[in-house]
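Take a look at the letters that make up each chain.
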Amino acid sequence: MKRYLTLFAISMLIVSCADRESYGNEFRLTEEFKDYWYSGKAEITTYDLEQSRYGELRKGTATLIYVTEDFSAKEQVKSSDESFNKVSVLKLNSTKNFNTGIYPYSIMQSSFFPLDGNEHALKISTSVQEWCGQVYMQLNNREDFDITSHSYFAGEADQYLKLNPIHLENEIWNLLRIDLDRVPVGSFKILPSFEFLRLNHLPVSALNAEGQFLTSEQFHVYQLYYPQLNRTIKIYLNKIPPFTIEKWEESAPVDNSPNAEILTTTATKKARLRTDYWNKNSNKDLHLREKLELD
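Conventions used here
- Residues numbered from 1 in each chain as written.
- Predicted model: local features only at pLDDT ≥ 70, side-chain atom pairs only at ≥ 80, totals over all residues.
- Heavy atoms only, no water.
- 1 Å grid on protein atoms, 1.4 Å probe; cavity = no way out; pocket = protein on both sides within 12 Å on 5 of 7 lines; lining within 4 Å.
- Points joined across faces, edges and corners; volume = space filled by probe spheres on them.
- Helix = DSSP H or I, 4+ residues; strand = E, 2+ residues; numbered from the N terminus.
- Nonpolar A, V, L, I, M, F, W, Y, C, P; charged D, E, K, R; others polar.
- Salt bridge = Lys/Arg side-chain N within 4 Å of Asp/Glu carboxyl O.
- Buried < 20%, exposed > 50% of the residue type's maximum accessible area, 1.4 Å probe, protein only.
- Contact = heavy atoms within 4.5 Å.

So what exactly am I meant to see when it comes to the layout of surface pockets here?
To find the voids left in a structure, one rolls a probe of water-molecule size over its atoms. If you add up the space inside the largest pocket, you get close to 550 Å³. Along its surface, the largest pocket is lined by 23 residues, and Ile44, Thr63, Arg289, Leu292 and Leu294 are the ones closest to its centre. Broken down by secondary-structure element, the contributors of at least two residues to the lining of the largest pocket are β2 (56–72), β3 (86–100), β15 (262–275) and α6 (287–291). For the lining of the largest pocket, a count of residues per class yields nine nonpolar, eight polar and six charged. Forming the boundary of the second largest pocket are 26 residues, of which Ser52, Arg53, Tyr54, Leu199 and Asn200 lie nearest the centre. Those elements giving two or more residues to the lining of the second largest pocket turn out to be β1 (42–53), β5 (123–130), α5 (194–199), β14 (245–253) and β15. In terms of residue count, α5 provides more of the lining of the second largest pocket than any other element does, four residues in total. A per-class count over the lining of the second largest pocket returns 13 nonpolar, seven polar and six charged.

So, in structure tokens, the structure goes:
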């Protein structure tokens with residue numbers, strides 16, 4: 001608690017990677033965190049989305065679903081009651097739905113971050129579906145990062161590779177809700193989000209990035225900038241725990257040409273609901289979609 005209050009006492013704070021590694025060994029969940037996240041409910045937030053795709057902005061809906069669950073460390077899936085080596089994780093399922101002309105896009109990313117002080121997410125998966133085909137990509141954190149990718153797109157069909165553990169853009173969305181002091185700042189290597197890699201047909205490789213916290217009158221803002229990509233992400237957090245995400249922005253060139261136009265994807269909160277959604281699968285529960293302002 002003391003460290004993140006210090007973090008936001010100034011408008012910007014740069015902390016060395018060494019400091020963050022040493023703090024990881026001291027990680028403890030606060031009682032405030034436990035009261036919110038171990039209540040038997042998920043946090044569901046819907047957003048009005050304007051998504052950059054093919055040089056234009058497309059209107060759609062984004063949803064962030066955060067929930068804690070038991071995770072099998074060995075199989076790296078949701079654990080059963082009989083599973084051994086369970087670890088508690090904060091899971092994020094992030095979805096986007098938008099249309100490009102006549103045909104729809106559906107994107108889902110999942111990240112599973114352990115709540116035991118581990119340095120990185122245990123698993124990340126991403127799927128993209130649209131009328132031209134589908135793409136799936138998955139990372140499993142074992143001794144190395146084991147990554148598999150499958151795509152309908154020429155030159156990307158089936159790929160298997162290993163990476164040494166590094167920062168992951170996907171896991172930042174979990175860390176912002178777990179422990180602000182462990183979110184990377186300064187200059188570091190990071191793997192961009194799987195959504196970004198696949199939509200832009202980029203190779204899986206670590207890139208240089210710069211992270212910093214900024215404080216506006218209304219929000220704490222985490223900014224991540226990739227110089228090589230000329231890409232900036234800004235995530236706007238409520239200033240008080242549990243640091244809910246109120247909106248985000250992603251600015252990037254529309255293509256790889258030298259003078260490419262910069263478009264900004266935006267997502268702005270519509271509604272938020274805390275509920276055990278897995279038990280709300282009856283027709284009588286459809287009214288909850290109205291509360292979330294979903295069609």
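After presenting the structure, the write-up continues.
Help me understand the pattern of salt bridges in this model?
Note that side chains of opposite charge can pair when their charged atoms are close. Following the criterion strictly, the structure yields 14 salt bridges and no others. In this structure, aspartate 146 engages lysine 162 in a salt bridge whose closest nitrogen and oxygen atoms are separated by 2.5 Å. Residue aspartate 146 is found in strand β7 (residues 145–151), and its partner lysine 162 is found in strand β8 (residues 158–163); the two are separated by 16 residues along the sequence. On the basis of relative accessibility, which here comes to 19%, the residue aspartate 146 falls in the buried class. Between arginine 272 and glutamate 246 there is a salt bridge, with the nearest N and O atoms lying 3.2 Å from each other. On the criterion of sequence distance, the pair formed by arginine 272 in strand β15 and glutamate 246 in strand β14 is long-range, its members being 26 residues apart. For arginine 272, a relative accessible area of 26% translates into the label partly exposed. A network of salt bridges, in which partner residues are shared, links Arg142, Asp146 and Lys162.

Looking at this structure, how should I read the environment of asparagine 141?
Inspection of the secondary structure puts asparagine 141 in strand β6 (residues 133–141). On the basis of relative accessible area, asparagine 141 is assigned to the buried category, the value being 12%. Distance from asparagine 141 to alanine 267, taken between C-alpha atoms, is 29 Å for residues 126 residues apart in sequence. If sequence neighbours within four positions are ignored, asparagine 141 has contacts with Gln76, Asn118, His120, Ala121 and Leu122.

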